[in-house]
Amino acid sequence: MTTIADEVAKRRTFAIISHPDAGKTTITEKVLLFGRAIQQAGTVKGKKSGQHAKSDWMEMEKERGISITTSVMQFPYAEKLVNLLDTPGHEDFSEDTYRTLTAVDSCLMVIDSAKGVEDRTIKLMDVARMRETPIITFMNKLDRDIRDPIELMDEVENILKISCAPITWPIGMGKEFKGVYHLLRDEVITYQSGMGHTIQDSRIIKGLDNPELDGVLGEYAEELREQVELLAAAANPFDLEEFLAGQLTPVYFGTALGNFGVDHMLDGLVDWAPAPQPRDAGDVTVDATSKDLAGFVFKIQANMDPNHRDRVAFMRIVSGKYEKGMKMRHVRIGKDVRISDALTFLAGDRSAVEEAYPGDIIGLHNHGTIQIGDTFTQGQELKFSGIPNFAPELFRRIRLKDPLKTKQLQKGLMQLSEEGAVQVFRPMKNNDLIVGAVGMLQFDVVAQRLKTEYKVEAVYEPISVATARWVESDDERKLAAFRDKAYDNLALDGSDNLTYIAPTMVNLQMAQERHPDMTFRKTREH
Ligand code: G4P
């Protein structure tokens, strides 16, 4: 019989962070191919081809009529069980994307090697860093003309403030991409173009001094030897402790489209990335191997289909074991509920899953009682911390079409903000209602849900707000003085927390300089 500790040791739960177009979807597809979760790559969404994402065609979703856009993919790899949590990269970017990063134990950062570090990656790295999440880096698109690999690593180190330790090193690029040298295994793995849809049978040449290399690589062999010598002197060696502390990232080179290098990265992931980690719940830390089930909700998937008002709450299991039909305590409302229809996400073998372990994600049907940050247990009075609200980046004033429905609008917005769908700010100086989001899609979801669930039709208007910060101070007197001085820029959020609403980033900077005793926070915990 397997123990919880065995199951924990087997699991790796990660998400991919990248800028749109860097290749996240393509890598996901190849990762699933290696996980044997799909037979042939090409089933995950192609933006132009209009094919559906794998998550969209999962039977389970068809049956239940729900569309889980940020899905969870579980698959076996090298005797481990990997959970890949998808973070929407494009127009559906939202606070959920950020919160998903609080539910993983490691991240894969994908970089377009022709472009280097781009802004979405910077933002997502900021979030990953809040919990010192270990990061693995994949430099993608080596089959194109890319930037100098040394320069790319320098950019990661300078902009993202994380040391790079190359694990593989590219040989050539673009049409002349020959493969990589694996620094730790001391072997050259050759690349064949046009084999992207399948698992390649690469030629492996052991040893840098191997004369076979000159035959296969030609002039690149000598160049490689020189580069490796240089790297030995100049590059950071891989250090597991620094990696686990989020201070150093192992770097892999390859092409997702050509399906080359993805398996090297996966090998690193299963070898080095941490198994499900313990998690703080106030004063106690809950270890993954504790026998009683505990988990927290990090995301609620609103359903855009008006025929199905049901929403799914995604719960990360922190400890214990989920079994179909078990009773769980919904801690915030103090109620015990029997869960017999949780969704589980074992790609390829959907029907068999009746249990889930730490590191796994289960989907709970939510009829409005579950909120982001909620804890479920087997009776323990726990409350997990660390599911934050993030300072929104997009703002709209919301107005009613029918002014008589103000009460419903306020009620709806408050509930939706408690649930984490959007954030609401009420300025002190007037009766405006400002809605803040991280991604545009959140506005659409909220308008739709206000209409169907609260029967109010609302419209958005532009408003000149650049950003918001939660303001705190231990000194009541100074806080009162600040409230007076900054009155015109202050608002209360959905939970009545004091918030500074800045029309411009410069204004925010000036306010921070003028009020050094106040703490301006970019995140606030649920
Ligand atoms: P994303 O999810 O991060 O947004 O990226 P996605 O995988 O959709 O990749 C963005 C584009 O980059 C796609 O091309 C994809 O085929 C291409 N791509 C991904 N990996 C590689 C690679 O290793 N080499 C090269 N040359 N291209 C790569 P597209 O034309 O925008 O879309 P599609 O019509 O091919 O789906």
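Since the structure is predicted, the reported quantities are computational estimates derived from the model, not experimental observations.

### Things to note about the overall build of the chain
- Scanning the chain for helices and strands turns up 15 helices and 31 strands.
- When each of the 526 residues of the chain is scored for burial, the buried share is 56%.
- Long-range pairs, those at least 24 residues apart, make up 71% of the contacts in the chain between residues at least 6 apart in sequence.

### Observations concerning empty space enclosed by the protein
- As enumerated under the stated definition, the model contains four cavities of 30 Å³ or more in all.
- Considering only enclosed or pocket space, the second largest cavity measures out at about 50 Å³ in volume.
- If you go around the second largest cavity, the residues you meet are D105, R131, Q277, P278, R279, F296, R316 and V318.

### Some details on the pattern of salt bridges
- A complete count under the given rule lists 36 salt bridges for this structure.
- The residue R397 makes a salt bridge to E461 at a minimum N-O spacing of 3.3 Å. You can see R397 sitting in strand β23 (residues 394-400) and its partner E461 sitting in strand β26 (residues 458-462), a full 64 residues away along the chain.
- What makes R397 buried here is its relative accessible area of 19%.
- Salt-bridge contacts for D493 lead to R524; the nearest nitrogen and oxygen are separated by 3.3 Å. Of the two residues, D493 is situated in strand β28 (residues 490-493) and R524 in strand β31 (residues 523-525); the sequence distance between them amounts to 31 residues.
- Residue classification places R524 among the buried residues on the basis of a relative accessible area of 17%.
- A cluster of three or more residues bridged by salt bridges with shared partners is formed by E7, K10, R11 and D360.

### A few points about the side chain of N366
- Among the secondary structure elements, N366 is positioned in strand β20 (residues 361-366).
- Look at N366 and you get buried, because its relative accessible area is 0%.

### Quick look at the confidence of the model for the chain
- Looking at the chain as a whole, its pLDDT mean stands at 88, while 89% of the residues score no less than 70.
- Overall, residues 39-70 carries pLDDT values under 50, and its contacts beyond four positions in sequence, including any with other chains, amount to 79 contacts.
- Reported confidence for the predicted complex is 0.97 by ipTM and 0.88 by pTM.

### Notes on the packing of helix α12 (residues 406-419) against helix α13 (residues 441-454)
- Packing of α12 against α13 leaves a shortest axis separation of 10 Å and a crossing angle of 120°. Taken together, α12 and α13 sit at an angle that is classed as oblique. Viewed along their axes, α12 and α13 form a crossing whose handedness is right-handed. Across from Q408, L409, G412, L413, Q415, L416 and E419 in α12, the residues of α13 making contact are V446, R449, L450 and Y454.
- Across the contact of α12 with α13, the residue classes break down as six nonpolar, three polar and two charged.

### Looking at the sheet that holds strand β27 (residues 467-472)
- Read from one edge of the open sheet, eight strands run β26-β23-β25-β24-β28-β29-β27-β30, paired in antiparallel fashion. Either end of the sheet is taken by a strand with one partner, and the two such strands are β26 and β30 (519-521). Taken pair by pair, the neighbouring strands of this sheet meet at an average axis angle of 40°, ignoring direction.
- Pairing between β23 and strand β25 (residues 434-437): four bridges, direction antiparallel. Counterpart to R397 in the pairing with β25 is I434.
- The strands touched by helix α14 (residues 476-485) are β27, β28, β29 (498-502) and β30; relative to β29, the strand with the most contacts, the crossing angle is about 35°.

### So, the pairing of strand β4 (residues 106-112)
- With seven of seven residues buried, β4 is to be regarded as a mostly interior element.
- With burial as the criterion, each face of β4 is covered, one bearing S106, L108, V110 and D112 and the other bearing C107, M109 and I111.
- The pairing of β4 with strand β5 (residues 135-140) spans six bridges and is classified as parallel. Bridge pairing in β5 links L108 to I136.
- After leaving β4, the chain enters helix α6 (residues 119-129) and then returns to the sheet as β5, a path that is right-handed.

Rules used throughout
- Residues numbered from 1 in each chain as written.
- Predicted model: local features only at pLDDT ≥ 70, side-chain atom pairs only at ≥ 80, totals over all residues.
- Heavy atoms only, no water.
- Helix = DSSP H or I, 4+ residues; strand = E, 2+ residues; numbered from the N terminus.
- Buried < 20%, exposed > 50% of the residue type's maximum accessible area, 1.4 Å probe, protein only.
- Contact = heavy atoms within 4.5 Å.
- 1 Å grid on protein atoms, 1.4 Å probe; cavity = no way out; pocket = protein on both sides within 12 Å on 5 of 7 lines; lining within 4 Å.
- Points joined across faces, edges and corners; volume = space filled by probe spheres on them.
- Salt bridge = Lys/Arg side-chain N within 4 Å of Asp/Glu carboxyl O.
- pLDDT = per-residue confidence, 0-100.
- Axes fitted to C-alpha atoms, helices over the stretch in contact; angles between N-to-C directions.
- Parallel < 35°, antiparallel > 145°, perpendicular 65-115°, else oblique.
- Left-handed = near helix turned anticlockwise from the far one by under 90°.
- Nonpolar A, V, L, I, M, F, W, Y, C, P; charged D, E, K, R; others polar.
- Pairing = 2+ DSSP bridges.
- Right-handed = clockwise from strand over helix to strand, strands pointing away.

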